Amino acid sequence: MNNKEIEQIQALQKETGFSGTFSARGKDKQGSGSSGFANLPEKWENQITTRFNMASGSQIFTAAAVCQLIEEEKLDFDTLLKDCLDITFPYFDEDITIKHLLLHTSGIPDYFEDETMRAYEDLWIQKPMYRMKKTSDYLSLFQQKKMVSPVEAMFHANHAGYIVLGLIIEQVTGMEFSEYTEQHVFEKAGMKDSGYFKLDQLPERTAVGYIETKEGESKTNQYAIPIKGGPDRGAYTTAADMVLFWEALMSYKLLSKEMTTIFLEPHVSLSESISYGYAGYMEREGEEVVKYILMGYDPGANFRSFYRPDQNLAVAVCSNKEDGAHEMVRKIEEIFIK
């Protein structure tokens, strides 16, 4: 990025009060930057190497881990849930497969519904967030609930489905989800600063998440999100590590060429130009995918990332506030795609 482009980014950061970092690398240009504070009271500034909570943007790691196990023939996209997990779901349809869970078309109930719950942090009133340390800790939130729609009847972004996928990974591998994913996804991609960290044991260079109150003050998200992330949300990464992930995926370091092709295909049409697949949301022009899009929103966490195949362009924006990443990623794309 040249000086003029950096000034444009800095102006937007100041205008929006952005707190976080960004990293972008394409075939002809690259750039990175940061602004705001990782710790407000201490005025510790965010750096390029600061780690941030990705919220549900981290579901792509779970999908990649599942596809690795499919490559190893330990699972199949058409494997039935009832045949690969020794946990009973009394009201779940017996035709639910791995594919349905990956694509959010299983119809199972979620453990958090935007339509019926006022705020995500309200979820932890009855079940304290500090108890959410393992994948199985989420089961009581949805295991006894009834299906919300028939299998494949609709696309419905569903965190519980990814919790179930995490449980399947644990049963198949004999490892905790976080341990398996750190070893088989992060390490293979060279993501040395990424991991599933506990809120009460955050490593160095990790940003504290902040929520703006009605009074215009800031409070930490310490009691608003689970103490440890898992299959559906909550991995920590740097913007630079996320760029490495895209590059590793596209160069077949995580999956074979054949499986990568499947991973990147659109499977569910959401509109004339937007689809969903194992790699998340996809923007299409006709039948061609022009952009892969990841999004994550939680109290005190805001994440956006995309990859454009035509430009070999990977962009990641991480924030420890609840907004700002969308504006940043849009400006960066504007600068890189002229």
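Criteria and thresholds
- Residues numbered from 1 in each chain as written.
- Predicted model: local features only at pLDDT ≥ 70, side-chain atom pairs only at ≥ 80, totals over all residues.
- Heavy atoms only, no water.
- Helix = DSSP H or I, 4+ residues; strand = E, 2+ residues; numbered from the N terminus.
- Expected span 1.5 Å × (residues − 1).
- Buried < 20%, exposed > 50% of the residue type's maximum accessible area, 1.4 Å probe, protein only.
- Arc of directions from axis to C-beta.
- Contact = heavy atoms within 4.5 Å.
- Pairing = 2+ DSSP bridges.
- Core = buried A, V, L, I, M, F, W, Y, C linked by side-chain atoms within 4.5 Å.

## Some thoughts on helix α9 (residues 325-336)
Working step 1: Here α9 contains 12 residues, and its C-alpha end-to-end distance of 16 Å stays within 8% of the 16 Å for a straight helix at 1.5 Å per residue.
Working step 2: For α9, the full list of buried residues reads A325, M328, V329, I332, E333, I335 and F336. Along the axis of α9, the buried residues cluster in a sector spanning 160 degrees; they form a single face.
Working step 3: Close packing links the buried residues of α9 with α1 (3-16), β1 (20-25), β2 (30-35), β12 (288-298), β13 (301-308) and β14 (313-319).

## Here we look at the sheet that holds strand β11 (residues 280-285)
Working step 1: Strands sit in the order β2-β1-β14-β13-β12-β11-β10-β9 across an open sheet of 8 strands; the sheet is antiparallel. Only two strands of the sheet have a single partner each, and these edge strands are β2 and β9 (268-269).
Working step 2: Where β12 lies against β13, 7 bridges are found, and the strand directions are antiparallel. Counted as the bridge partner of M295 is R304 from β13.

## A look at the nonpolar core
Working step 1: The biggest cluster of nonpolar side chains holds 86 residues, and the ones touching the most others in it are F61, Y111, F142, M242, F245, W246 and F263.
Working step 2: Among the elements that line this core, the one with the most residues is helix α2 (residues 59-71), at 9 residues.
Working step 3: If we ignore the near neighbours within four places in the chain, the residues touching F142 are F89, F92, P109, D110, Y111, A160, I163 and V164.
Working step 4: Within the second largest apolar cluster, 15 residues are counted, among which are F18, V315, A325 and M328.

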